[in-house]
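In case you want the letters, here they are:
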Amino acid sequence: MMKKRFKLRFFLLIASFCTNTAFGITAKKTGRYVYDLSDLRASLSIDVRDKIKEISIPVETVKRRSLKSKADRRIEPFSLRVPGTAADMLALAKELAKPKSSGKLYEYFSDKYHSTFKKKFRDGSKKIELSPESLKWIRYSKLEKKLARKHHSVSIEADAFTHKPRLGKRLLAQLKPFLTPKQINAVRSRVRNRSSISVDRYLLPTFAKKMVRRYIAFQGPNCFHASLAFHGQTLTSSPFINVKKEEGYHRSMINYDELWRAINQQFYEVDVDQSNLKYGDMIVFFELPKEGGGPTYFRWIRHAATYLFGQYTFSKGSKSADTPYTVKTLEEEWQTWRKYTKNLGVKVFRRSSKRVRRVPPASLTDWLY
């Protein structure tokens, strides 16, 4: 009888553990959600020069998506959001078309709009695919300008550390777990020589440096993947984390349950009341059913971004090929997801020092672009 009771208790314990792990619910009590951006405080405030640039989809990427999406389902078809009224549709055609091609482009927009069964947006517009033929009527310079996304090209000012030598040391200390020794030496040299330091060129780890300002052709690689790959691609390629292979998406896509599994295994939650944000922290945006604490459910996750310093983050907007990898501000991230959520809550997670390697893996062999 005692053996049966022991077996039953052991089974219930294992079942409870498996259920919590499978559904992404942490067993331990979680900290509070952040509801106000002012609660996220920077540990490093550095004088910078911030030049906002528009990042456009290269013509080659547009053509690749249009030509090869039928043969390779991982490649996202190239689509354009077209308004529902004839007048607005004609105006869009005139805006984008080559000389004497606006009529043909308008007819294409109209035919595709009325023949597609895709759901309308609130303003009545629809997203329609652009065929290789329709691209012949479009002026690429106009298309690139219309679809461009904003990127903050940030450089630390040359004299930022002149009167604050400890600030430079603190920056290097936060960078050390993420950059290679060669990269650290390059940053240290520029700090000593009072040279400006470009974020894109000097202050990003291997994956982020390779991908920043870039668009890709595949659908799937998303903000969750970008946040984990920032720490090294062993996380995103691990069969213990990237478990599911989604049909029609690139293998690198990370689902929200996979992200939550990685967070529980490799990260710990930061108490923002006690600790300021540090380089490499993962900022996770949730849509909450109601305000309050308690166990966090992975299906509430909407977005993830990686914190850099000051007011800046690194992220990809979504799993769509229409969004590039860019440097944004915390304010921009916050305002975007406030629009897309009814009850926004934010948590911050930091990679456990036991898990962080001095030099993150640099292998990018699983990337096909």
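As shown above, the structure is provided for reference.
Bear in mind that the values here come from a model prediction, so they are computed numbers and not experimental data.

Some words on the overall build of the protein chain
And step 1. When helices and strands are counted, the protein chain shows 14 helices and 11 strands.
And step 2. Burial statistics for the protein chain: of 369 residues in total, 47% are counted as buried.
And step 3. Of the roughly 19,800 Å² of accessible surface on the protein chain, a fraction of 53% belongs to carbon and sulfur atoms.

Regarding the sheet that holds strand β5 (residues 197-198)
And step 1. Overall, antiparallel pairing links the three strands, which are arranged β1-β4-β5 in an open sheet. At either end of the open sheet lies a strand with only one pairing partner, and these are β1 (48-55) and β5.

Examining the layout of surface pockets
And step 1. Reported here for the largest pocket is a volume of approximately 1,700 Å³.
And step 2. In terms of lining residues, the largest pocket is bounded by 41 residues, among which Arg 149, Gly 317, Ser 318, Thr 323 and Tyr 340 are the most central.
And step 3. Elements with a contribution of two residues or more to the lining of the largest pocket: β2 (79-82), α6 (140-147), β4 (149-156), α11 (223-229), β8 (301-307), β10 (325-329) and α14 (330-340).
And step 4. Counting residues per element, the lining of the largest pocket draws most heavily on α14, at six residues.
And step 5. When the residues that make up the lining of the largest pocket are grouped by side-chain class, the tally is 14 nonpolar, 12 polar and 15 charged.

Brief notes about helix α13 (residues 256-266)
And step 1. Buried residues dominate α13, accounting for eight of its 11 residues.
And step 2. What α13 keeps buried is the set Asp 257, Glu 258, Leu 259, Trp 260, Arg 261, Ala 262, Ile 263 and Gln 266.
And step 3. Its buried side turned inward, α13 meets α11, α12 (233-237), β6 (267-269), β7 (282-287), β8 and β11 (344-351).

Things to note about the pattern of salt bridges
And step 1. A full pass over the atoms with the stated rule returns 15 salt bridges.
And step 2. One salt bridge in this structure joins Asp 322 and Lys 127, with 3.1 Å as the shortest N-O distance. On the criterion of sequence distance, the pair formed by Asp 322 in the loop between β9 (312-316) and β10 and Lys 127 in strand β3 (residues 126-129) is long-range, its members being 195 residues apart.
And step 3. Note on Asp 322: relative accessible area 11%, which makes it buried.

Focus on unusual backbone geometry
As a rule of thumb, non-glycine residues mostly have phi less than zero, and peptide bonds are mostly trans rather than cis.
And step 1. Its identity is not glycine, yet Lys 100 carries a phi of approximately 70°, on the positive side.
And step 2. Looking at the secondary structure, you find Lys 100 in the loop between α3 (86-96) and α4 (102-115).
And step 3. Residue Lys 100 is classed as exposed on the basis of its relative accessible area, which comes to 85%.

A closer look at the environment of Gly 31
And step 1. Inspection of the secondary structure puts Gly 31 in the loop between α1 (2-22) and β1.
And step 2. Taking the relative accessible area as the measure of exposure, Gly 31 reaches 32% and is therefore partly exposed.
And step 3. Sequence separation between Gly 31 and Glu 269 is 238 residues, and the spatial gap between their C-alpha atoms is 7.5 Å.
And step 4. Sequence-distant contacts of Gly 31, that is, excluding residues within four places in its chain, are made with Glu 269 and Lys 347.

A word on the sheet that holds β7
And step 1. Strand order in the open sheet formed by six strands is β6-β11-β7-β8-β9-β10, and the pairing between neighbours is antiparallel. The two strands at the open ends of the sheet, each matched to only one other strand, are β6 and β10. Across this sheet, the average inter-strand angle for adjacent strands is 35°, counted without regard to direction.
And step 2. Where β7 meets β8, five bridges bridge the pair, whose relative direction is antiparallel. By the bridge assignment, Ile 283 is partnered in β8 with Ala 305.
And step 3. Sitting on the sheet, α13 touches β6, β7, β8 and β11, and the angle it makes with β6 is about 85°.
And step 4. Packing against the sheet, α14 makes contact with β7, β8, β9, β10 and β11, and its axis sits at approximately 95° to β10.

Brief notes about the nonpolar core
And step 1. One finds Ile 46, Ile 156, Phe 161, Val 187, Leu 203 and Leu 308 to be the most contacted residues of the largest nonpolar core, which totals 35 residues.
And step 2. Contributions of two or more residues to this core are made by β4, α7 (165-175), α8 (181-192), α9 (199-202), α10 (206-211), α11, β9 and β10.
And step 3. Top element by residues in this core is α7. It accounts for four residues.
And step 4. If near-sequence neighbours (up to four positions away) are discounted, Ile 46 is found in contact with Ile 156, Ala 160, Phe 161, Leu 167, Leu 171 and Phe 309.
And step 5. Judged by nonpolar contacts, the second largest core, of 23 residues, contains Val 62, Leu 80, Tyr 113 and Ile 138.

Points about the packing of α3 against α6
And step 1. It is at 8 Å that the axes of α3 and α6 come closest, and there the two elements cross at 120°. Looking at the two axes, α3 sits oblique to α6. Here α3 contributes Leu 92, Glu 95 and Leu 96 to the contact with α6, which in turn contributes Lys 142, Leu 143 and Lys 146.
And step 2. Taken together, the residues of the contact of α3 with α6 sort by class into three nonpolar, no polar and three charged.

Criteria and cut-off values
- Residues numbered from 1 in each chain as written.
- Predicted model: local features only at pLDDT ≥ 70, side-chain atom pairs only at ≥ 80, totals over all residues.
- Heavy atoms only, no water.
- Helix = DSSP H or I, 4+ residues; strand = E, 2+ residues; numbered from the N terminus.
- Buried < 20%, exposed > 50% of the residue type's maximum accessible area, 1.4 Å probe, protein only.
- Areas by Shrake-Rupley, 256 points an atom, 1.4 Å probe, with all protein chains shown as cover.
- Pairing = 2+ DSSP bridges.
- 1 Å grid on protein atoms, 1.4 Å probe; cavity = no way out; pocket = protein on both sides within 12 Å on 5 of 7 lines; lining within 4 Å.
- Points joined across faces, edges and corners; volume = space filled by probe spheres on them.
- Nonpolar A, V, L, I, M, F, W, Y, C, P; charged D, E, K, R; others polar.
- Contact = heavy atoms within 4.5 Å.
- Salt bridge = Lys/Arg side-chain N within 4 Å of Asp/Glu carboxyl O.
- Axes fitted to C-alpha atoms, helices over the stretch in contact; angles between N-to-C directions.
- Core = buried A, V, L, I, M, F, W, Y, C linked by side-chain atoms within 4.5 Å.
- Parallel < 35°, antiparallel > 145°, perpendicular 65-115°, else oblique.

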